[in-house]
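# Survey of secondary and tertiary structure
For reference, the chains in residue letters:
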Amino acid sequence: MSNEPSASGTVRVRLRNPDRTVEAPAPCTVGELLDGLDLLPHTVLVIHEAQLLTADRLLLPATEVEVRPVISGGADGAPRCAVCRAPAVHEEPRHRAAWCSTHLADHVHNQIRKAIDRPPDRPTGERMFHYGQRLLVAVSGGKDSLALWDALLAMGYDVDGLYVGLGIGGYSSRSQRVCEAFATARGLTLHVVDLAERYGYSTPSGSDATGRSTCGVCGLSKRYVFDQVAVEQDYDVLLTGHNLDDEAATLLGNVLRWNEGFLARQRPVLAARAVNQRRKCKPMFRLSERESAAYCVVRGIDYVVEECPLVDGNTGHELKAALDLLEAASPGLKAQFVFGFLERVADRFVDQDDAGVQRELRACASCAMPTTTDTCAFCRQREAILAVLPLATSGVRT
Ligand code: SF4
Ligand SMILES: [Zn+2]
Ligand SMILES: [Zn+2]
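From a predicted model like this one, the values you see are computed outputs, not experimental measurements.

### Description of the overall build of the chain
- Each helix and strand counted, the chain has 13 helices and 17 strands in total.
- Over its C-alpha atoms the chain spans a radius of gyration of 23 Å, differing by no more than 12% from the 21 Å that the globule rule assigns to 398 residues.
- For the chain, the spread of C-alpha atoms along the principal axes amounts to about 75 × 50 × 40 Å.
- For the chain, with 398 residues in total, the buried portion stands at 40%.

Written as C-alpha coordinates, this is what we have:
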(Lines give C-alpha, C1' and ligand atoms only; values in the text may rest on other atoms or scores of the structure.)
(Ligands and ions follow the chains in the order given, each with its own letter.)
Protein backbone atom coordinates (compact mmCIF):
# COMPACT_ATOMS: atom_id res chain seq x y z
CA MET A 1 0.00 0.00 0.00
CA SER A 2 1.15 3.56 -0.55
CA ASN A 3 -0.18 7.05 -0.15
CA GLU A 4 0.59 8.00 -3.78
CA PRO A 5 -2.22 9.35 -5.99
CA SER A 6 -4.54 6.80 -7.56
CA ALA A 7 -3.13 5.19 -10.71
CA SER A 8 -3.80 2.29 -12.99
CA GLY A 9 -3.22 -0.98 -11.17
CA THR A 10 -4.35 0.12 -7.74
CA VAL A 11 -7.53 0.44 -5.74
CA ARG A 12 -7.94 3.48 -3.51
CA VAL A 13 -8.93 2.57 0.05
CA ARG A 14 -10.28 4.94 2.67
CA LEU A 15 -9.51 3.69 6.20
CA ARG A 16 -10.93 5.08 9.44
CA ASN A 17 -9.70 5.68 12.98
CA PRO A 18 -7.55 7.45 12.01
CA ASP A 19 -9.07 8.65 8.73
CA ARG A 20 -6.60 8.14 5.86
CA THR A 21 -6.31 6.83 2.34
CA VAL A 22 -3.96 4.13 1.04
CA GLU A 23 -3.62 2.29 -2.25
CA ALA A 24 -3.56 -1.45 -2.82
CA PRO A 25 -2.66 -3.52 -5.89
CA ALA A 26 -5.62 -4.22 -8.21
CA PRO A 27 -7.40 -6.11 -9.56
CA CYS A 28 -8.10 -8.07 -6.39
CA THR A 29 -11.10 -9.43 -4.51
CA VAL A 30 -12.41 -7.71 -1.40
CA GLY A 31 -11.14 -10.69 0.61
CA GLU A 32 -7.64 -10.32 -0.86
CA LEU A 33 -7.72 -6.58 -0.18
CA LEU A 34 -8.53 -7.13 3.51
CA ASP A 35 -5.91 -9.85 3.72
CA GLY A 36 -3.32 -7.47 2.30
CA LEU A 37 -4.34 -4.78 4.77
CA ASP A 38 -4.19 -7.33 7.60
CA LEU A 39 -7.82 -6.68 8.55
CA LEU A 40 -10.18 -9.31 9.91
CA PRO A 41 -13.19 -9.47 7.56
CA HIS A 42 -15.75 -9.71 10.37
CA THR A 43 -14.50 -6.48 11.98
CA VAL A 44 -15.18 -4.20 8.98
CA LEU A 45 -17.62 -3.29 6.23
CA VAL A 46 -16.34 -2.67 2.72
CA ILE A 47 -18.36 0.02 0.93
CA HIS A 48 -18.32 1.21 -2.68
CA GLU A 49 -20.66 4.01 -3.80
CA ALA A 50 -22.93 3.40 -0.78
CA GLN A 51 -23.15 -0.34 -1.58
CA LEU A 52 -21.82 -3.10 0.67
CA LEU A 53 -19.37 -5.50 -0.97
CA THR A 54 -18.89 -9.17 -0.11
CA ALA A 55 -15.49 -10.86 0.13
CA ASP A 56 -15.65 -12.39 -3.35
CA ARG A 57 -16.36 -9.11 -5.20
CA LEU A 58 -13.64 -8.18 -7.69
CA LEU A 59 -12.15 -4.70 -7.38
CA LEU A 60 -10.80 -3.28 -10.64
CA PRO A 61 -8.02 -0.70 -10.85
CA ALA A 62 -9.06 2.86 -9.98
CA THR A 63 -11.98 1.67 -7.85
CA GLU A 64 -12.51 3.61 -4.61
CA VAL A 65 -13.74 1.81 -1.51
CA GLU A 66 -14.20 2.62 2.14
CA VAL A 67 -13.23 0.11 4.82
CA ARG A 68 -15.31 0.98 7.87
CA PRO A 69 -14.70 -0.59 11.31
CA VAL A 70 -17.84 -2.03 12.86
CA ILE A 71 -16.71 -3.30 16.23
CA SER A 72 -17.09 -0.70 18.92
CA GLY A 73 -16.74 -0.95 22.69
CA GLY A 74 -19.36 -2.57 24.92
CA ALA A 75 -22.05 -0.68 26.80
CA ASP A 76 -19.44 0.38 29.33
CA GLY A 77 -17.13 1.54 26.53
CA ALA A 78 -14.68 -1.30 27.19
CA PRO A 79 -13.34 -3.08 24.10
CA ARG A 80 -14.88 -6.45 23.30
CA CYS A 81 -13.33 -9.52 21.71
CA ALA A 82 -13.72 -9.41 17.93
CA VAL A 83 -14.71 -13.09 17.93
CA CYS A 84 -16.85 -13.81 21.02
CA ARG A 85 -17.67 -10.29 22.33
CA ALA A 86 -16.32 -11.11 25.80
CA PRO A 87 -14.33 -8.30 27.46
CA ALA A 88 -11.07 -7.97 25.54
CA VAL A 89 -7.64 -8.26 27.13
CA HIS A 90 -5.64 -6.98 24.17
CA GLU A 91 -6.28 -4.38 21.46
CA GLU A 92 -4.32 -4.19 18.22
CA PRO A 93 -4.84 -0.90 16.35
CA ARG A 94 -3.18 -2.38 13.27
CA HIS A 95 -5.95 -4.94 12.94
CA ARG A 96 -8.58 -2.56 14.36
CA ALA A 97 -9.57 -5.40 16.63
CA ALA A 98 -9.37 -6.65 20.21
CA TRP A 99 -9.45 -10.16 21.65
CA CYS A 100 -10.13 -12.10 24.84
CA SER A 101 -7.31 -14.36 26.08
CA THR A 102 -8.48 -17.42 24.16
CA HIS A 103 -8.98 -15.62 20.88
CA LEU A 104 -5.76 -13.64 21.21
CA ALA A 105 -3.93 -16.98 21.28
CA ASP A 106 -5.98 -18.09 18.26
CA HIS A 107 -5.11 -14.86 16.46
CA VAL A 108 -1.38 -15.44 17.07
CA HIS A 109 -1.67 -19.03 15.85
CA ASN A 110 -3.56 -17.82 12.76
CA GLN A 111 -0.87 -15.28 11.92
CA ILE A 112 1.85 -17.92 12.31
CA ARG A 113 -0.23 -20.35 10.23
CA LYS A 114 -0.53 -17.73 7.50
CA ALA A 115 3.22 -17.07 7.62
CA ILE A 116 4.00 -20.79 7.33
CA ASP A 117 1.47 -21.61 4.62
CA ARG A 118 1.84 -18.50 2.49
CA PRO A 119 5.30 -16.93 2.77
CA PRO A 120 5.07 -13.82 0.58
CA ASP A 121 8.25 -14.24 -1.37
CA ARG A 122 7.96 -17.95 -2.20
CA PRO A 123 6.16 -19.62 -5.12
CA THR A 124 2.44 -20.16 -4.50
CA GLY A 125 1.84 -23.40 -2.64
CA GLU A 126 5.32 -23.58 -1.09
CA ARG A 127 5.20 -23.65 2.70
CA MET A 128 7.94 -22.61 5.09
CA PHE A 129 8.07 -26.19 6.40
CA HIS A 130 5.94 -29.29 6.80
CA TYR A 131 4.70 -31.55 9.54
CA GLY A 132 7.14 -34.43 9.88
CA GLN A 133 10.23 -32.27 9.27
CA ARG A 134 12.77 -31.89 12.06
CA LEU A 135 12.49 -28.29 13.28
CA LEU A 136 14.95 -26.43 15.52
CA VAL A 137 13.98 -23.10 17.09
CA ALA A 138 16.71 -20.80 18.40
CA VAL A 139 15.54 -19.54 21.80
CA SER A 140 17.04 -16.64 23.72
CA GLY A 141 14.76 -16.68 26.78
CA GLY A 142 12.92 -13.65 25.38
CA LYS A 143 9.24 -13.45 24.49
CA ASP A 144 9.42 -13.97 20.73
CA SER A 145 11.33 -17.22 20.51
CA LEU A 146 9.49 -18.82 23.45
CA ALA A 147 6.13 -17.68 22.06
CA LEU A 148 7.10 -19.26 18.74
CA TRP A 149 8.14 -22.54 20.35
CA ASP A 150 4.92 -22.67 22.36
CA ALA A 151 2.72 -21.79 19.38
CA LEU A 152 4.31 -24.36 17.07
CA LEU A 153 3.87 -27.07 19.70
CA ALA A 154 0.22 -26.03 20.14
CA MET A 155 -0.19 -26.27 16.37
CA GLY A 156 1.14 -29.85 16.43
CA TYR A 157 4.68 -29.36 15.10
CA ASP A 158 7.63 -31.35 16.40
CA VAL A 159 10.18 -28.71 17.49
CA ASP A 160 13.37 -28.81 19.54
CA GLY A 161 15.15 -25.78 20.99
CA LEU A 162 18.66 -24.35 20.87
CA TYR A 163 20.06 -21.92 23.42
CA VAL A 164 23.45 -20.24 22.90
CA GLY A 165 25.22 -19.01 26.06
CA LEU A 166 26.81 -15.69 25.13
CA GLY A 167 28.59 -15.08 28.44
CA ILE A 168 26.79 -11.83 29.22
CA GLY A 169 26.93 -12.23 33.00
CA GLY A 170 23.75 -12.67 35.00
CA TYR A 171 21.62 -11.87 31.96
CA SER A 172 22.87 -14.97 30.15
CA SER A 173 22.49 -17.16 33.26
CA ARG A 174 18.90 -16.04 33.78
CA SER A 175 18.07 -16.48 30.10
CA GLN A 176 19.44 -20.02 30.10
CA ARG A 177 17.47 -20.93 33.24
CA VAL A 178 14.23 -19.65 31.67
CA CYS A 179 14.80 -21.68 28.49
CA GLU A 180 15.68 -24.81 30.46
CA ALA A 181 12.61 -24.40 32.67
CA PHE A 182 10.38 -24.00 29.59
CA ALA A 183 11.78 -27.16 28.02
CA THR A 184 11.77 -29.23 31.22
CA ALA A 185 8.17 -28.32 32.09
CA ARG A 186 7.03 -29.56 28.68
CA GLY A 187 9.41 -32.51 28.29
CA LEU A 188 11.18 -30.93 25.29
CA THR A 189 14.71 -31.26 23.92
CA LEU A 190 16.86 -28.17 24.38
CA HIS A 191 20.41 -28.04 23.02
CA VAL A 192 22.65 -25.69 25.01
CA VAL A 193 25.90 -24.40 23.49
CA ASP A 194 28.19 -22.18 25.54
CA LEU A 195 30.23 -19.87 23.33
CA ALA A 196 33.16 -19.72 25.75
CA GLU A 197 33.29 -23.47 26.34
CA ARG A 198 33.04 -24.46 22.73
CA TYR A 199 34.77 -21.63 20.88
CA GLY A 200 37.01 -20.05 23.54
CA TYR A 201 35.47 -16.59 23.85
CA SER A 202 32.33 -14.84 25.06
CA THR A 203 30.51 -11.93 23.47
CA PRO A 204 32.11 -9.33 25.81
CA SER A 205 35.64 -10.79 25.64
CA GLY A 206 35.41 -11.14 21.86
CA SER A 207 34.37 -7.52 21.61
CA ASP A 208 37.16 -6.39 23.93
CA ALA A 209 39.73 -8.40 21.97
CA THR A 210 38.80 -7.11 18.53
CA GLY A 211 37.33 -3.70 19.20
CA ARG A 212 34.22 -4.75 17.29
CA SER A 213 30.83 -3.88 18.74
CA THR A 214 29.43 -6.45 21.15
CA CYS A 215 26.33 -6.82 18.99
CA GLY A 216 28.50 -7.35 15.92
CA VAL A 217 30.50 -10.15 17.61
CA CYS A 218 27.32 -11.54 19.16
CA GLY A 219 25.23 -11.55 15.99
CA LEU A 220 27.87 -13.25 13.86
CA SER A 221 28.54 -15.84 16.58
CA LYS A 222 24.87 -16.66 17.15
CA ARG A 223 24.10 -17.04 13.46
CA TYR A 224 27.07 -19.36 13.05
CA VAL A 225 26.21 -21.55 16.04
CA PHE A 226 22.56 -21.79 14.93
CA ASP A 227 23.67 -23.01 11.50
CA GLN A 228 26.32 -25.35 12.80
CA VAL A 229 24.08 -27.04 15.39
CA ALA A 230 21.24 -27.40 12.87
CA VAL A 231 23.65 -29.19 10.51
CA GLU A 232 25.38 -31.29 13.19
CA GLN A 233 22.09 -32.43 14.69
CA ASP A 234 20.55 -33.00 11.26
CA TYR A 235 17.55 -30.68 11.52
CA ASP A 236 15.65 -29.81 8.36
CA VAL A 237 14.74 -26.22 9.19
CA LEU A 238 16.10 -23.60 11.57
CA LEU A 239 13.55 -21.15 13.03
CA THR A 240 14.06 -17.81 14.70
CA GLY A 241 11.63 -15.56 16.57
CA HIS A 242 12.18 -12.37 14.53
CA ASN A 243 8.95 -10.38 14.72
CA LEU A 244 7.40 -7.62 12.62
CA ASP A 245 9.12 -4.87 14.63
CA ASP A 246 12.50 -6.55 14.15
CA GLU A 247 11.95 -6.91 10.43
CA ALA A 248 10.69 -3.34 10.01
CA ALA A 249 13.69 -1.89 11.88
CA THR A 250 16.16 -4.04 9.95
CA LEU A 251 14.51 -3.12 6.66
CA LEU A 252 14.57 0.58 7.49
CA GLY A 253 18.26 0.38 8.43
CA ASN A 254 19.10 -1.47 5.22
CA VAL A 255 17.09 0.96 3.09
CA LEU A 256 18.61 4.02 4.75
CA ARG A 257 22.07 2.65 3.95
CA TRP A 258 20.98 1.05 0.65
CA ASN A 259 22.66 -2.12 1.76
CA GLU A 260 21.64 -4.25 -1.20
CA GLY A 261 23.37 -7.42 -0.03
CA PHE A 262 21.42 -7.37 3.25
CA LEU A 263 18.19 -6.44 1.46
CA ALA A 264 18.68 -9.50 -0.74
CA ARG A 265 18.80 -11.71 2.33
CA GLN A 266 15.98 -10.06 4.32
CA ARG A 267 13.36 -12.76 3.81
CA PRO A 268 11.05 -14.80 6.07
CA VAL A 269 12.39 -17.86 4.24
CA LEU A 270 16.01 -18.35 3.25
CA ALA A 271 16.41 -21.51 1.21
CA ALA A 272 19.41 -23.77 1.80
CA ARG A 273 21.94 -23.23 -0.99
CA ALA A 274 24.74 -25.55 0.14
CA VAL A 275 25.25 -28.97 1.71
CA ASN A 276 26.20 -27.58 5.11
CA GLN A 277 23.30 -25.18 5.23
CA ARG A 278 19.72 -25.50 6.44
CA ARG A 279 16.60 -23.65 5.43
CA LYS A 280 15.94 -20.70 7.75
CA CYS A 281 12.48 -19.32 8.52
CA LYS A 282 10.91 -16.56 10.58
CA PRO A 283 7.32 -17.65 11.31
CA MET A 284 6.71 -14.66 13.67
CA PHE A 285 7.32 -12.02 11.01
CA ARG A 286 3.62 -11.08 10.82
CA LEU A 287 3.35 -10.41 14.60
CA SER A 288 4.32 -7.31 16.55
CA GLU A 289 6.36 -7.35 19.75
CA ARG A 290 3.22 -6.40 21.67
CA GLU A 291 1.29 -9.33 20.27
CA SER A 292 4.14 -11.68 21.07
CA ALA A 293 4.46 -10.38 24.66
CA ALA A 294 0.68 -10.50 25.20
CA TYR A 295 0.64 -14.07 23.89
CA CYS A 296 3.26 -15.08 26.46
CA VAL A 297 1.18 -13.53 29.24
CA VAL A 298 -2.09 -15.24 28.28
CA ARG A 299 -0.31 -18.58 27.73
CA GLY A 300 1.52 -18.37 31.07
CA ILE A 301 4.98 -18.38 29.46
CA ASP A 302 7.72 -17.12 31.74
CA TYR A 303 10.25 -15.11 29.72
CA VAL A 304 13.14 -12.77 30.44
CA VAL A 305 11.69 -9.27 30.47
CA GLU A 306 14.96 -7.46 31.09
CA GLU A 307 16.93 -6.17 28.11
CA CYS A 308 20.41 -7.39 27.32
CA PRO A 309 22.75 -4.98 29.22
CA LEU A 310 24.82 -4.57 26.04
CA VAL A 311 21.86 -3.44 23.98
CA ASP A 312 23.18 0.13 23.74
CA GLY A 313 25.47 -1.09 20.99
CA ASN A 314 22.45 -2.08 18.92
CA THR A 315 21.21 0.70 16.61
CA GLY A 316 18.08 -1.33 15.87
CA HIS A 317 16.47 0.18 18.96
CA GLU A 318 16.67 3.71 17.57
CA LEU A 319 15.11 2.54 14.33
CA LYS A 320 12.36 0.79 16.28
CA ALA A 321 11.68 3.95 18.27
CA ALA A 322 11.39 5.98 15.04
CA LEU A 323 9.03 3.40 13.53
CA ASP A 324 6.93 3.36 16.71
CA LEU A 325 6.29 7.09 16.30
CA LEU A 326 5.12 6.55 12.72
CA GLU A 327 3.03 3.52 13.67
CA ALA A 328 1.25 5.50 16.40
CA ALA A 329 0.27 8.13 13.83
CA SER A 330 -0.71 5.59 11.20
CA PRO A 331 -1.47 2.09 12.55
CA GLY A 332 -0.42 -0.61 10.13
CA LEU A 333 2.46 1.33 8.62
CA LYS A 334 5.12 -1.15 9.77
CA ALA A 335 3.20 -4.05 8.25
CA GLN A 336 2.70 -2.15 5.00
CA PHE A 337 6.43 -1.35 4.92
CA VAL A 338 7.59 -4.93 5.50
CA PHE A 339 4.90 -6.82 3.60
CA GLY A 340 5.05 -4.34 0.71
CA PHE A 341 8.80 -4.85 0.45
CA LEU A 342 8.46 -8.63 0.47
CA GLU A 343 5.58 -8.75 -1.97
CA ARG A 344 6.66 -6.08 -4.40
CA VAL A 345 10.37 -5.29 -4.42
CA ALA A 346 12.39 -7.92 -2.53
CA ASP A 347 13.03 -9.87 -5.74
CA ARG A 348 14.90 -6.94 -7.21
CA PHE A 349 17.74 -7.34 -4.74
CA VAL A 350 20.34 -10.03 -5.39
CA ASP A 351 23.32 -10.87 -3.21
CA GLN A 352 26.04 -10.04 -5.72
CA ASP A 353 29.67 -8.94 -5.80
CA ASP A 354 31.03 -5.64 -7.11
CA ALA A 355 31.02 -7.04 -10.66
CA GLY A 356 27.29 -7.78 -10.40
CA VAL A 357 27.73 -11.58 -10.21
CA GLN A 358 25.64 -13.50 -7.68
CA ARG A 359 27.89 -14.73 -4.88
CA GLU A 360 28.47 -18.47 -4.90
CA LEU A 361 28.83 -20.46 -1.70
CA ARG A 362 31.80 -22.74 -1.02
CA ALA A 363 33.01 -24.67 2.03
CA CYS A 364 35.06 -22.68 4.55
CA ALA A 365 38.69 -23.85 4.45
CA SER A 366 38.72 -24.02 8.23
CA CYS A 367 35.30 -25.31 9.34
CA ALA A 368 33.55 -26.42 6.11
CA MET A 369 30.48 -24.28 6.76
CA PRO A 370 29.20 -22.33 3.72
CA THR A 371 30.86 -19.04 2.89
CA THR A 372 31.45 -16.73 -0.05
CA THR A 373 35.13 -16.32 0.85
CA ASP A 374 37.94 -18.84 1.43
CA THR A 375 37.53 -18.68 5.21
CA CYS A 376 34.15 -17.84 6.71
CA ALA A 377 33.55 -14.61 8.65
CA PHE A 378 33.07 -16.54 11.89
CA CYS A 379 36.42 -18.35 11.61
CA ARG A 380 38.18 -15.12 10.73
CA GLN A 381 36.58 -13.36 13.71
CA ARG A 382 37.39 -16.23 16.05
CA GLU A 383 41.01 -16.34 14.88
CA ALA A 384 41.35 -12.59 15.50
CA ILE A 385 39.84 -12.95 18.98
CA LEU A 386 41.93 -15.94 20.01
CA ALA A 387 45.11 -14.24 18.77
CA VAL A 388 44.50 -11.72 21.53
CA LEU A 389 42.87 -14.08 24.03
CA PRO A 390 44.79 -17.35 23.50
CA LEU A 391 44.05 -18.60 26.99
CA ALA A 392 40.42 -17.57 27.20
CA THR A 393 38.21 -20.54 27.97
CA SER A 394 35.53 -18.67 29.83
CA GLY A 395 34.83 -15.04 29.04
CA VAL A 396 31.83 -14.87 31.35
CA ARG A 397 31.48 -11.58 33.17
CA THR A 398 29.67 -11.61 36.46
S1 SF4 B 1 21.75 -6.75 22.42
FE2 SF4 B 1 23.59 -7.18 21.23
S3 SF4 B 1 24.98 -8.25 22.66
FE4 SF4 B 1 22.93 -8.32 23.56
S5 SF4 B 1 22.07 -10.29 22.87
FE6 SF4 B 1 21.41 -8.72 21.38
S7 SF4 B 1 22.97 -8.77 19.76
FE8 SF4 B 1 23.82 -9.84 21.56
ZN1 LIG C 1 -13.07 -14.11 22.49
ZN1 LIG D 1 34.61 -21.30 9.03
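### With respect to the domain arrangement of the chain
- Domain annotation of the chain identifies domain 1 (1–70) and domain 2 (131–352 + 361–388).
- Between the C-alpha centres of domain 1 and domain 2 there is a distance of 35 Å.
- Contacts between domain 1 and domain 2 engage 4 residues on the former and 5 residues on the latter.

### A look at the pairing of strand S2 (residues 20–25)
- One ladder, built from 6 bridges, connects strand S1 (residues 10–15) with S2; its direction is antiparallel. Counterpart to arginine 14 in the pairing with S2 is threonine 21.

### Comments concerning unusual backbone geometry
- Cis rather than trans, the peptide bond between alanine 26 and proline 27 has omega equal to 5°.
- The backbone of alanine 50 shows a phi angle near 65°, a positive value even though the residue is not glycine.
- Within the secondary structure, alanine 50 sits in the loop between strand S4 (44–48) and strand S5 (51–52).
- In the Ramachandran plot, arginine 85 falls in the positive-phi region, its phi being about 70° despite a non-glycine side chain.
- Secondary-structure assignment places arginine 85 in the loop between strand S7 (64–69) and strand S8 (90–92).
- Judged by the 11 C-beta atoms lying within 10 Å of it, arginine 85 is exposed.

### Structural notes on the site of ligand 1
- Surrounding ligand 1, one finds 10 residues, the nearest of these being Cys215, Cys218, Cys308, Leu310 and Val311.
- The element best represented in the shell around ligand 1 is helix H7 (residues 214–232), accounting for 4 residues.

### Notes on the sheet that holds S4
- Judged by pairing direction, the sheet is mixed, and its 5 strands sit side by side in the order S2-S1-S7-S4-S5 without closing on themselves. Two strands close off the open sheet at either side, each with one partner strand: S2 and S5.

### Observations regarding the sheet that holds strand S11 (residues 159–165)
- As summarised here, the arrangement of the 6 strands in space is S12-S11-S10-S13-S15-S14, forming an open sheet in which the pairing is mixed. Strands at the two margins of the open sheet, each flanked by one partner only, are strand S12 (190–194) and strand S14 (269–270).
- With 5 bridges connecting them, S11 and S12 associate as parallel partners. Bridging from a neighbouring strand, leucine 162 pairs with histidine 191 of S12.
- Where helix H4 (residues 169–186) meets the sheet, it contacts S11 and S12, and its direction lies at approximately 165° from that of S11.

### Things to note about helix H3 (residues 143–154)
- For H3, which comprises 12 residues, the first-to-last C-alpha distance of 16 Å matches the rise-based estimate of 16 Å (1.5 Å per residue) to within 8%.
- Most of H3 is tucked away, with 10 of its 12 residues classed as buried.
- Residues of H3 that are buried include every one of Lys143, Asp144, Ser145, Leu146, Ala147, Leu148, Trp149, Asp150, Ala151 and Leu152, and no others.
- In this structure, the buried residues of H3 make contact with helix H2 (101–117), strand S10 (135–138), S11, H4, strand S13 (237–239) and helix H10 (289–298).

### Overview of the confidence of the model for the chain
- Mean pLDDT for the chain: 89, with 91% of residues reaching 70 or above.
- Contacts of residues 1–6 to residues separated by more than four positions or lying in other chains number 14 contacts, the stretch itself having pLDDT below 50.
- In this model, residues 392–398 is a region of pLDDT below 50 whose contacts with residues beyond four sequence positions or in other chains number 21 contacts.

### Structural notes on the environment of valine 388
- For valine 388, the position within the fold is in helix H13 (residues 377–388).
- In this structure the C-alpha to C-alpha distance between valine 388 and phenylalanine 285, which are 103 residues apart in sequence, comes to 39 Å.

### Some thoughts on the nonpolar core
- If you look at the biggest cluster of nonpolar residues, it comprises 77 residues, and the most contacted ones within it are Leu135, Val137 and Val338.
- Examining the composition of this core, we find that 7 residues originate from one element, H7, more than from any other.
- Here valine 338 is in contact with Leu244, Glu247, Ala248 and Leu251, once residues within four sequence places are set aside.
- Among the nonpolar cores identified, the runner-up in size contains 17 residues, and Leu37, Leu53, Leu59 and Val65 belong to it.

### A few points about the pairing of S10
- Neither face of S10 is open: one carries Leu135 and Val137, the other Leu136 and Ala138, and all of them are buried.
- Strand direction decides the pairing type here: S10 and S11, joined by 4 bridges, are parallel. Directly across from alanine 138, in S11, lies its bridge partner leucine 162.
- Handedness of the crossover joining S10 and S11 through H3: right-handed.

Calculation rules
Residues numbered from 1 in each chain as written. Chains lettered and ligands numbered in written order. Predicted model: local features only at pLDDT ≥ 70, side-chain atom pairs only at ≥ 80, totals over all residues. Helix = DSSP H or I, 4+ residues; strand = E, 2+ residues; numbered from the N terminus. Rg over C-alpha atoms; globule rule 2.2 N^0.38 Å. Buried ≥ 20, exposed ≤ 12 C-beta atoms within 10 Å, placed from the backbone. Domains from an automatic or database assignment. Contact = placed C-beta atoms within 7 Å. Pairing = 2+ DSSP bridges. Near = placed C-beta within 6 Å. Axes fitted to C-alpha atoms, helices over the stretch in contact; angles between N-to-C directions. Expected span 1.5 Å × (residues − 1). pLDDT = per-residue confidence, 0-100. Core = buried A, V, L, I, M, F, W, Y, C linked by C-beta atoms within 7 Å. Right-handed = clockwise from strand over helix to strand, strands pointing away.

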